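# Structural description and commentary
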Amino acid sequence: MIAYLTRRLLVLLATLAVASLVVFAVLDLLPGDPARLMLGIDAPAESVARLRHDLGLDRPALSRYGAWLAGVVVGDFGTSHTYRVAVGGLIAERLVVTLPLAGLAMTLTVVLALPLGVYAAARHNRPADVAVMVLSQIGISVPGFWLAILLILAFAVGLGWFPAGGFPGWGTPLAALQALALPAVALALAQTAILTRVTRAAMLEVMGEGFIRTAYAKGASARRVLWRHAFGNALVPVVTVMGLQLGFLVSGAVVIENVSYLPGLGRLVLQAVEQRDLIVVRGCVLVLVAMVAAIAFLVDLAYAVIDPRLRAAP
Amino acid sequence: MTRALVGGLLVGAVLTAALLSLVWTPHPITDLAIGERLRPASADHWLGTDPLGRDIASLLLAGAQTTVAVGVVAVGIGLIGGIVLGTLAATRGGFVDEGISRFCDVILAFPAVISALLATILLGPGAVNAILAIGLFNVPVFARLTRACVRQVRVRDYVRAAQALGKSSFSIAWDHLLPNVAGVLVVQATIQFGIAILAEAGLSYLGIGAQPPQPSWGRMLNESQTYMFSAPWLALYPGLAISLAVLGCNLLGDSLRDALDPKTRAMVGARHASG
């Protein structure tokens, strides 16, 4: 168990190290002068020189990378040249929107998909199963950001039940949740469809096993067999996909936040790209990538809890 | 069977629209008629006009070109890169395998949207850069799949026989390994095609994919949002076009998978979550 955890942790750290190098290198190897690129062609020479110094461009690349990484480890991502504030604080401010949005979408996904998947599997090839499969096929094909636009048109512009965009802050929790509701539904739809199909497939696979027949033969109720015997054993692929989805929700939020004008990490990174604020882009991308990698690590840990046989696997 | 038919028809419709728009659209897509702006559907403009007075039906037809180009090139990059890396990893093993597997981990840690953002900073916004970013993200998807399939096939007797005959690694891979994993790769390619369409639409919506005047369904959705209150129908058609195109790819992919050996189904299982 300890060897398994150590190996997974090393993979996580190695991925993070390489990712940080890639993020640094991509933004450092820009053709031309990054400082000039950020400030524009008309910027005065003194401003460019000052930014070059701030960015450490007058030092060797390796020393810049070392200094940047040392800062990142303690949460210092540098100072944004457009917002004039610490990037770490800026990211933390935006995560307060992005993480709850991803969390809400994931909760919706799990709450809807697991029962739907089990239900469809229990009614294999009957009309209810076919209906769930057709709906999930459509759900997978609809782009989340288009759904977000349609939801805004129907429930914000038409019915006025939800705000059309923006975020009031967590000072008013109910209004904040209301602002996150439509984007979370839009983000969750495709993931719900995918998880429903995965749950159904995993359940059908397990339902064909001998121990399910044994459980029925022992007189266990259909509900008990379905949830206690079959569902528990179908969890490995379901958790794998859930982990991938959580990572996807965090990055998928980049697009959805821009539909609903939510001040999250995705909106921050897009604005930073438009303003060519490389220091902010670098910090945001690293945080997004680190979150995706950390989720993959947590999924590996979850495997070990769900299925002890996997601990020995590489 | 119905699935294959519907999927084939939808994908066929997108391909036909893309080809047709090369030679004919109801109105030229560069025709700006400000006096005709934001008109609802009529006999002259079947789906109405956009804020610049352009014919929406014509824009949709021409937008299919971008969609097909993105799908073909992004999946092509993924297939070529993935097959080479996956076959190398499976047949060489050891450090090569470990190196390629870790490379895939790192690339997959950068979701397509993030890679596209980085590509935008490096190379500027544009459809080509978006395609490259989506294609790069496809490489590990195909590399992992090829690796898993080739590892299963390479221990078969006919491969061992070819080795005993002294055939080169390349000709073994080309003659014996790849033909036996091609089916699974074709299925995955169909599904990745749909994912590429969704990714391009998302990037163009954000303004970092296709740039004007190149028509793109994602970009049309972006432009529709400004007129959400006055012309809500603008958001309807491009979204519907994207959804139907992706639905077609998914239906076709699913029916192809079912037509193959059932044992291969598990290998293309967790496909969409990777997008």
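Structure report, in brief. Only a predicted model underlies this, so the values are computations on that prediction, with no experimental measurement involved.

This paragraph deals with the overall build of chain B. A tally of helices and strands in chain B yields nine helices and zero strands. Counted from the first residue to the last, chain B has its helices and strands arranged as α-α-α-α-α-α-α-α-α. The principal-axis extent of the C-alpha atoms belonging to chain B is close to 75 × 45 × 30 Å. Taking all 275 residues of chain B together, 54% fall into the buried category. Intrachain contacts of chain B at a sequence separation of at least 6 include 71% that bridge at least 24 residues. Averaging the coordinates of the 18 positive side-chain charges in chain B and doing the same for the 15 negative ones gives two points 12 Å apart.

Right, let's get into the layout of surface pockets. Residue and element names in this part refer to chain A. Approximately 460 Å³ is the volume found for the second largest pocket. Along the walls of the second largest pocket sit 22 residues, with Asp54, Leu55, Gly78, Thr79 and Ile279 positioned nearest its centre. Those elements that place two or more of their residues in the lining of the second largest pocket are α3 (45-54), α4 (61-73) and α12 (278-306). When its residues are assigned to classes, the lining of the second largest pocket shows eight nonpolar, seven polar and seven charged.

This part covers the environment of Val22 of chain A. Residue position: Val22 of chain A is located in helix α1 (residues 2-28). Exposure remark for Val22 of chain A: the relative accessible area of 31% places this residue in the partly exposed category.

Looking now at the packing of helix α11 (residues 265-274) of chain A against α12 of chain A. All names here are of chain A. Two elements in contact, α11 and α12, have axes whose closest approach is 9 Å; the angle formed by their N-to-C orientations is 145 degrees. Regarding α11 and α12, the two cross each other, and that crossing is left-handed. Contacts from Leu265, Leu268, Val269, Ala272 and Val273 of α11 reach α12 at Val280, Val281, Cys284, Val285, Val287, Leu288 and Met291.

This next bit is on the packing of aromatic side chains. Aromatic rings considered in pairs are described by the distance between their centres and by the relative angle of their planes. Residues and elements named next belong to chain A. Here the structure, examined in full by the defined rule, presents eight aromatic pairs over all chains. When the ring of Phe155 is compared with that of Trp161, the centres are 5.9 Å apart and the planes differ by 40 degrees; the resulting orientation is tilted. Clustering of aromatic rings is evident, with ring pairs tying together Phe24, Tyr65 and Trp68. Across from the ring centre of Trp68, 5.6 Å away, lies the NZ or CZ of Arg282, which sits over that ring.

A few words now on the interface of chain B and chain A. In this complex, chain B contributes 40 residues to the contact, which on the side of chain A involves 48 residues. Counting the contacts that link chain B with chain A gives one salt bridge. The residue Arg197 of chain A makes a salt bridge to Asp254 of chain B at a minimum N-O spacing of 2.8 Å. Taken together, the connections running from chain B to chain A amount to six residue pairs in polar contact (both at pLDDT 80 or more).

Residue and element names in this part refer to chain B. Taken as a whole, this structure holds six cavities of 30 Å³ or more when the rule is applied. Around the second largest cavity, the lining residues are Asp50, Pro51, Arg54, Ile56, Leu59, Met220, Glu223, Ser224, Leu234 and Pro238. Breaking the lining of the second largest cavity down by element, the ones donating at least two residues are α2 (56-92) and α8 (217-225). Considered class by class, the residues forming the lining of the second largest cavity number six nonpolar, one polar and three charged.

Residues and elements named next belong to chain B. Applying the stated criterion across every chain, the model contains 13 salt bridges over all chains. With a closest N to O distance of 3.7 Å, Glu223 and Arg219 form a salt bridge. With Glu223 and Arg219 both in helix α8 and four residues apart, this pair spans about one turn of that helix. A residue is classified by how much of its surface remains accessible, and Glu223, at 28% relative accessible area, is partly exposed. Judged by its relative accessible area of 16%, Arg219 is buried. When salt bridges that share partners are traced, they join Asp50, Arg54, Arg219 and Glu223 into one network.

Thresholds, definitions, all that
Residues numbered from 1 in each chain as written. Chains lettered and ligands numbered in written order. Predicted model: local features only at pLDDT ≥ 70, side-chain atom pairs only at ≥ 80, totals over all residues. Heavy atoms only, no water. Helix = DSSP H or I, 4+ residues; strand = E, 2+ residues; numbered from the N terminus. Buried < 20%, exposed > 50% of the residue type's maximum accessible area, 1.4 Å probe, protein only. Contact = heavy atoms within 4.5 Å. Lys, Arg positive; Asp, Glu negative; His and termini not counted. Charge placed at Lys NZ, Arg CZ, Asp CG, Glu CD. 1 Å grid on protein atoms, 1.4 Å probe; cavity = no way out; pocket = protein on both sides within 12 Å on 5 of 7 lines; lining within 4 Å. Points joined across faces, edges and corners; volume = space filled by probe spheres on them. Nonpolar A, V, L, I, M, F, W, Y, C, P; charged D, E, K, R; others polar. Axes fitted to C-alpha atoms, helices over the stretch in contact; angles between N-to-C directions. Left-handed = near helix turned anticlockwise from the far one by under 90°. Phe/Tyr/Trp six-rings, centres within 6.5 Å; stacked < 30°, edge-to-face > 60°. Lys NZ or Arg CZ within 6 Å of the ring centre and 35° of its normal. Salt bridge = Lys/Arg side-chain N within 4 Å of Asp/Glu carboxyl O. Polar contact = N/O pair within 3.5 Å; in protein donor to acceptor, adjacent residues only side chain to side chain.

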